[in-house]
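# Examination of the molecular architecture
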Amino acid sequence: MNVNAILTDIKKRKFSVVYLLHGDESYYIDLISDALEKEVLSDAQKGFDQTVLYGKDSSIVNIVNAAKRYPMMSDHQLIIIKEAQDLKWKSEEELLLKYVERPTPSTILVIAYKYAKFDKRKKIYKAFEKTGTVVESAKLYDNKVGEWIVDQFRTSNRAIHPQAAAMMADYLGTDLSKIANEIDKLLLNVPKEQEIQALHIEQNIGISKDFNVFELQSALAKRNVVKAIQIVDYFVANPKSNPLPMVIGNLGTYFTKILKYHYLPDKSPQVAAKQLGVHTFFLKEYEGAARNFNRRKTFDIIHQLSAYDLKTKGMDVGPFTDSGDILRELVFKILN
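What counts, and where the lines are drawn
Residues numbered from 1 in each chain as written. Predicted model: local features only at pLDDT ≥ 70, side-chain atom pairs only at ≥ 80, totals over all residues. Heavy atoms only, no water. Core = buried A, V, L, I, M, F, W, Y, C linked by side-chain atoms within 4.5 Å. Buried < 20%, exposed > 50% of the residue type's maximum accessible area, 1.4 Å probe, protein only. Contact = heavy atoms within 4.5 Å. UniProt positions renumbered as here; feature names shortened; annotations may be inferred. Helix = DSSP H or I, 4+ residues; strand = E, 2+ residues; numbered from the N terminus. Axes fitted to C-alpha atoms, helices over the stretch in contact; angles between N-to-C directions. Parallel < 35°, antiparallel > 145°, perpendicular 65-115°, else oblique. Left-handed = near helix turned anticlockwise from the far one by under 90°. Nonpolar A, V, L, I, M, F, W, Y, C, P; charged D, E, K, R; others polar.

## A word on the nonpolar core
In this structure, Ile149 and Met168 are the most contacted members of the largest nonpolar core, which totals 83 residues. Aside from chain neighbours lying at most four places away, what touches Ile149 is Ile160, Ala165, Met168, Ala169, Ile179 and Ile183. Core analysis: the next-biggest nonpolar cluster, separate from the first, contains 25 residues, Val17, Ala66, Ile81 and Phe128 among them.

Spelled out as structure tokens, the structure:
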């Protein structure tokens, strides 16, 4: 999937007659659909030659009939089917297959099939591939989000510090639409000549640059008890911004990387960074963490994190039920 190439073609008005946009990640589906909606027709033409339908309220029969029409005020008519996964595919799919095999040249038909992959075994999928453009928008893995954020800024000829990218990735998760909105906010509010720093993340997104999961990981890696306790107290006082399951999940990922670092045969910066899926900027921290937590202790911490993750789900709670008490107990066991 080369989304940038597709977007470039759309800007150059090189359109496909059919687009199948599918997958678990809605961001790229919306990005391409929005680009077509912006570029194909002018505002004046849209009233005559643009149709936006929703799968739940539409039928493939009506979609095919609309697609066979010719434009009234422009060279193309644009038909976008949003939430296309809700169409009655089993009973009406054959009708769409016949259209895709012989589409109307002046119609641009966009099938936005969200939150699931289209069945690639189907004959109609092969027809989409042969006749038009198919984009599979897959979910981004957690360890790839930071890299994706850096790439988005690079595409805009801007730079972001690795620490700031890590903060965004830790707190915003894998929802690319949400992350993209925050990136747009930073691009708008931070002067072009400045690199995006942790302070900018705090000012524009609301993530504390001193009290976040990233800083807790760093404090634990250095066995900085005072700093770790300060951060935990902040988390306890701001539970909505720092939900316990998210904190434990991030710590689990972090200590798993520390364990992986222990077993790396080649710990040179470039190789280690690639194997861990981190920027070379963070390698010194992992080196220090590996010194402070030997293999056996790291194994024990990962086991503890797994056990405390169950506690957050109401299983094997033990003496503590309050999330703040659970987090304090967990951090105590990590440091001792």
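On we go.
## As for the UniProt feature "domain: DNA polymerase III delta subunit-like C-terminal" (unreviewed entry) in the protein chain
Following the UniProt record, the feature "domain: DNA polymerase III delta subunit-like C-terminal" (unreviewed entry) maps to residues 212-314 here. From the first C-alpha to the last, residues 212-314 spans 24 Å; its make-up is 75% helix and 0% strand.

## Regarding the packing of helix α12 (residues 225-237) against helix α17 (residues 323-335)
Following both chains from N to C, one finds α12 and α17 inclined at 165°, their axes separated by 10 Å at the closest point. Taken as axis vectors, α12 and α17 run roughly antiparallel relative to one another. The handedness of the crossing between α12 and α17 is right-handed. Across the interface between the two elements, Val225, Ala228, Val232, Asp233, Phe235 and Val236 of α12 pack against Gly324, Leu327, Arg328, Val331 and Leu335 of α17. Looking at the contact of α12 with α17, its residues break down into eight nonpolar, one polar and two charged.

## Points about the side chain of Ser16
Considering the arrangement of structural elements, one finds Ser16 in the loop between α1 (3-11) and β1 (18-23). Note on Ser16: relative accessible area 17%, which makes it buried. Setting aside anything within four residues of it in sequence, one finds Ser16 in contact with Ile108, Gly132 and Thr133.

## Details of unusual backbone geometry
Of note in this structure, Glu83 is not a glycine but carries a positive phi near 55°. As for its placement among the helices and strands, Glu83 is situated in the loop between β3 (77-82) and α5 (89-101). According to the relative accessible area criterion, Glu83 is partly exposed, its value standing at 22%. Positive phi outside glycine occurs at Asn157, with the angle close to 60°. Among the structural elements, Asn157 can be located in the loop between α7 (145-155) and α8 (162-172).

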